[in-house]
Amino acid sequence: MSRGSPDPQPPQLTADMLARLKSGDKLCCRDFSDFLMAYLDGELGCDVACRFDQHLAKCPPCKTYVETYRATVDLAKESCCPKANPQLGKMPQELVNAILHAVTSEKKCE
Amino acid sequence: MSRTPTTPATTAASAVSAATPPTAADERDLVARLQKGEAAAYEQVVRDNGPRMLAVARRILTDESDAQDAVQEAFLSAFRSIAKFEGGSLVSTWLHRITVNACLMRLRKKRRLDEVSLDGMLPGFSPEGYVTKPTDTWVDRPSSMEQAELRATVRAAIDKLPEHYRIVLILRDIEAMDTAQTASLLETTEAAVKIRLHRARQALRELLDPSLRDHPDSSAVPSVRVPSPKNQSAASVATKNSGA
């Protein structure tokens, strides 16, 4: 993300796990949790997605987890939107003036 | 950066603009006027886009002074390069991206984007990979009065996320940037953005869970779970091993 900082490196892990899932190994809650976003975004192949569907149908904790995960995303969006925070987009007049002044000053120097 | 008022206030403080989108002809005209150096065009752009840019900056930079400075920098940077603007996007979209960049530059300078582990904020599992703690449903959406409180709780929880993850959540879920744009701005890969976004959402869910559970009394879950190394999820272990 930032310059000089290492990126997380799960591709190998992802490839390993996907291979394991495709091989027919049992799907556990941790697999479901780790691949949940890919599942919700429709990025898993049909065979793997079907196994996720089956796990979801018989695992109430994971079903609840999906619901609360989705609710988390919705809440984050709602809580940070300008409609919910009218103050967030209030622009002080002095900032407008300062920007216009700085622009004018730069133009004069050109 | 100086914010000394230099001209009399001509309008009251403005809120986020809900103006109708400009037509292509309006945009071409505006860009032409900006490229000619028309002062009125600059003022129009600042007044029309400033509130939205400041809202973005306030979300990314929690410090008000930093947010205002970033917006000022963004406008100056945009106006300096207006001659090169070819109209590939709307002016507002272009300014949005420049503002996000200005904010990220500030975070980088403060080294707030250094890697921090999310250990303790990710779900825990048994060694066999199954859920170890009861997962409770969440309360229905509260009344409008409670809604404000809930939103404040959510915003506070977002602010508790390590910066590295908070930024991805803001850019993807709140600013609605796509994965490729986010990866480009953060100088990383799309895969890394996806992983961070998922972990950020999981961590935020864990932080909100104690406040939103349907049966708070039955909750044995602390506000931030600290799984033992054995019970950490595979993702958590991968994060730790990779230094993320």
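**Student:** What exactly am I supposed to notice about the pattern of salt bridges here?
**Tutor:** Should the charged atoms of two oppositely charged side chains come close, the side chains can pair. Residues and elements named next belong to chain B. Overall, the coordinates contain 17 salt bridges over all chains when judged by the stated rule. Salt-bridge contacts for Arg-33 lead to Glu-38; the nearest nitrogen and oxygen are separated by 2.9 Å. Among the residues examined, Arg-33 registers a relative accessible area of 17% and is labelled buried. Under the relative-accessibility criterion, Glu-38 is labelled partly exposed at 31%. A salt bridge links Arg-205 to Glu-206, with the nearest nitrogen and oxygen atoms 3.0 Å apart. Each of Asp-66, Asp-69, Glu-73, Arg-106 and Lys-110 takes part in a single network of salt bridges with overlapping partners.

**Student:** Help me understand unusual backbone geometry in this model?
**Tutor:** Residue and element names in this part refer to chain B. Even without a glycine there, the phi angle at Ala-176 is positive, about 60°. Here Ala-176 is to be found in the loop between helix 6 (163-174) and helix 7 (179-185). Residues other than glycine seldom take positive phi values, yet Glu-187 does so here, at roughly 55°. Within the secondary structure, Glu-187 sits in the loop between helix 7 and helix 8 (190-212). A residue is classified by how much of its surface remains accessible, and Glu-187, at 41% relative accessible area, is partly exposed.

What counts, and at which threshold
Residues numbered from 1 in each chain as written. Chains lettered and ligands numbered in written order. Predicted model: local features only at pLDDT ≥ 70, side-chain atom pairs only at ≥ 80, totals over all residues. Heavy atoms only, no water. Salt bridge = Lys/Arg side-chain N within 4 Å of Asp/Glu carboxyl O. Buried < 20%, exposed > 50% of the residue type's maximum accessible area, 1.4 Å probe, protein only. Helix = DSSP H or I, 4+ residues; strand = E, 2+ residues; numbered from the N terminus.

By themselves these figures say nothing about function.
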